[in-house]
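Given next are the chains, with one letter for each unit.
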Amino acid sequence: KKYGLNELRKMYLDFFKSKDHFVRGSYSLVPHNDNSLLLINAGMAPLKPYFTGQEIPPKRRMATCQKCIRTGDIENIGKTARHGTFFEMLGNFSFGDYFKTEAIHWSWEFLTEVVGLEPDRLYPSVYLDDDEAFDIWNKEIGISKDRIFKFGKEDNFWEHGAGPCGPCSEIYYDRGEKYGCGKPGCTVGCDCDRFIEIWNNVFTQFENDGKGNYTTLKNKNIDTGMGLERLATVVQDVDSIFDVDTIKALRDKVCEITGKEYKKEYKWDVSIRIITDHIRSATFMISDGIMPSNEGRGYVLRRLIRRAARHGRLLGVKGQFLAKLSETVIESSKDGYPELEEKKSMIFKVLTEEENKFDKTIDTGLSILADMEEEMKAKNEKTLSGENAFKLYDTYGFPLDLTQEILEEKGFDVDEDGFKKAMEVQRETARKARKTTNYMGADETVYESLDTSLSTQFVGYDKLIEDSVI
Ligand code: ATP
Ligand code: MG
Ligand code: MG
Ligand code: MG
């Protein structure tokens, strides 16, 4: 049966409720008391204090459906069938309560009995040394040995610096040959869209002291994560997450507004999917109180909005269109996320304002960039200078990666180091100017800290997140 995305969320949470889990709504996308993360990127992230024992959980079994943002996946968006910068992660957790046996049995029961996926299409993977998990899949669930994949640390061991860590077991779904890359050896673990990873079961059983010494934890934990959009993709047997009922409604709206038909031209499709994805992220981020700005989370939001706006331009949109799209996001997700409806007018206002700001400069910026391209062509150059990239950033509000993306389409790249240098020079000049004028008598340290926060904005999304790890 083709359950809808909203239905599947409920089915999952009800299932784990029946297994005695405490079910609660999603936490905010903004981490609480956690400087190691810019944005929540997994169901377990807001639960860290329960895993480490810093705080007592309301119950030793919990299940959530967590809003997640992974800007590290931005390059994949619109190109793979399975990645979004925004997605919902279903997760069941055990804080020193049940362990591998229950976790594996329940995930199997949910997928095959509750949702009704064909067992023959499902493939588990385990960490190569994890005989315990291998045996559960093989002897208890009854999956033949040749259908269980063993992977190394890279893929099947969850670890984040020092602290609790452990092997994981992932569940893949074979969507059939038509989604395969066709390369020889394409199987579970291949990067294409045929065998897609739907569920990750992490067994935190060790403590890493930071020097690579592992001791067994007294309280072993379970942390699982399954992308709701991916589950819906395989249950509904559709091409990609962008064809799932609720997301397709949004994609249709994008097509309506841009006047472009889906599946007509690959290039347009990528833009349509990028807009569809980014407006979901932006809508949810604003509903959690994030505002576009030049640092941290606000900068992530700004980049997503501007990138969506620019892809709208590519498809021929004139004027504002993002707020209209967010209406559809709110409509299809408000059942699971009432805050969307509550913050509706705020969401429209923020999107419209940011789009307006960018609108004012984007055309001029694009034509200046076109001139720069001509100049490079004339000089037979392939790289845009850092000063020029900085000018686009500073005067026309073009985030560096936007400039990079536009140029990449035409076979150019950008001198990133030069860009950073130009930025540094401007900061230095501003600092000196402040020193001599002592602006309004303000304490200089205020500006120093402003500078530091600004300096985090020029690295990629990935680095931005990494760098924020203290
Ligand atoms: P992938 O290898 O496909 O990028 P992952 O191994 O990075 O996924 P995990 O960190 O294991 O993902 O997260 C748990 C689950 O969350 C995944 O099994 C998948 O179902 C889902 N998921 C992860 N990243 C995304 C994304 N960008 N968009 C949608 N769902 C995702
Ligand atoms: Mg990933
Ligand atoms: Mg993976
Ligand atoms: Mg994974």
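By the naming in an unreviewed UniProt entry, the protein is Alanine--tRNA ligase, taken from Eubacterium segne. Note on the protein: under the UniProt heading Function (unreviewed entry), the record states "Catalyzes the attachment of alanine to tRNA(Ala) in a two-step reaction: alanine is first activated by ATP to form Ala-AMP and then transferred to the acceptor end of tRNA(Ala). Also edits incorrectly charged Ser-tRNA(Ala) and Gly-tRNA(Ala) via its editing domain."

(A) Focus on the confidence of the model for the protein. Per-residue confidence for the protein averages 90 on the pLDDT scale, and 92% of its residues sit at or above 70. Here residues 438-470 is modelled with pLDDT under 50, and outside its nearest four sequence neighbours on either side it reaches 36 contacts, counting other chains as well. In the model output, the complex is listed with pTM 0.89 alongside ipTM 0.99.

(B) Inspection of helix α13 (residues 386-396) at higher detail. By the burial criterion, the buried members of α13 are G386, N388, A389, F390, L392, Y393 and Y396. In the stretch just after α13, G397 is the one whose phi turns positive, near 70°.

(C) Representation of the packing of helix α3 (residues 100-114) against helix α4 (residues 131-141). Packing of α3 against α4 brings their axes to within 10 Å, and their N-to-C directions diverge by 50°. Considered as vectors, α3 and α4 are oriented oblique to each other. Like other packed secondary-structure pairs, α3 and α4 cross with a definite hand, here right-handed. Of α4, the residues touching α3 (which contributes K100, T101, I104 and W108) are E132, A133, I136, W137 and I141. Here the residues of the contact of α3 with α4 sort into 6 nonpolar, 1 polar and 2 charged.

(D) Just the pairing of strand β8 (residues 195-208), in detail. Of all 14 residues making up β8, 10 are buried, and the element is well covered by its neighbours. Bridging between strand β7 (residues 163-174) and β8 involves 10 bridges; their strand directions are antiparallel. Bridged to Y172 within β8 is E197. Sheet topology note: the β8/strand β9 (residues 214-227) ladder contains 9 bridges and is antiparallel.

(E) Broad picture of the nonpolar core. One finds I198, A282 and A308 to be the most contacted residues of the largest nonpolar core, which totals 96 residues. The leading source of residues in this core is helix α8 (residues 266-287), at 8 residues. Shared between two domains, this core holds at least three residues of each, these being domain 1 (5-235) and domain 2 (244-420 + 457-467). Within the second largest apolar cluster, 17 residues are counted, among which are A389, L392, L400 and F419.

Reading the values: the criteria
- Residues numbered from 1 in each chain as written.
- Chains lettered and ligands numbered in written order.
- Predicted model: local features only at pLDDT ≥ 70, side-chain atom pairs only at ≥ 80, totals over all residues.
- UniProt positions renumbered as here; feature names shortened; annotations may be inferred.
- pLDDT = per-residue confidence, 0-100.
- Contact = placed C-beta atoms within 7 Å.
- Buried ≥ 20, exposed ≤ 12 C-beta atoms within 10 Å, placed from the backbone.
- Helix = DSSP H or I, 4+ residues; strand = E, 2+ residues; numbered from the N terminus.
- Axes fitted to C-alpha atoms, helices over the stretch in contact; angles between N-to-C directions.
- Parallel < 35°, antiparallel > 145°, perpendicular 65-115°, else oblique.
- Left-handed = near helix turned anticlockwise from the far one by under 90°.
- Nonpolar A, V, L, I, M, F, W, Y, C, P; charged D, E, K, R; others polar.
- Pairing = 2+ DSSP bridges.
- Core = buried A, V, L, I, M, F, W, Y, C linked by C-beta atoms within 7 Å.
- Domains from an automatic or database assignment.

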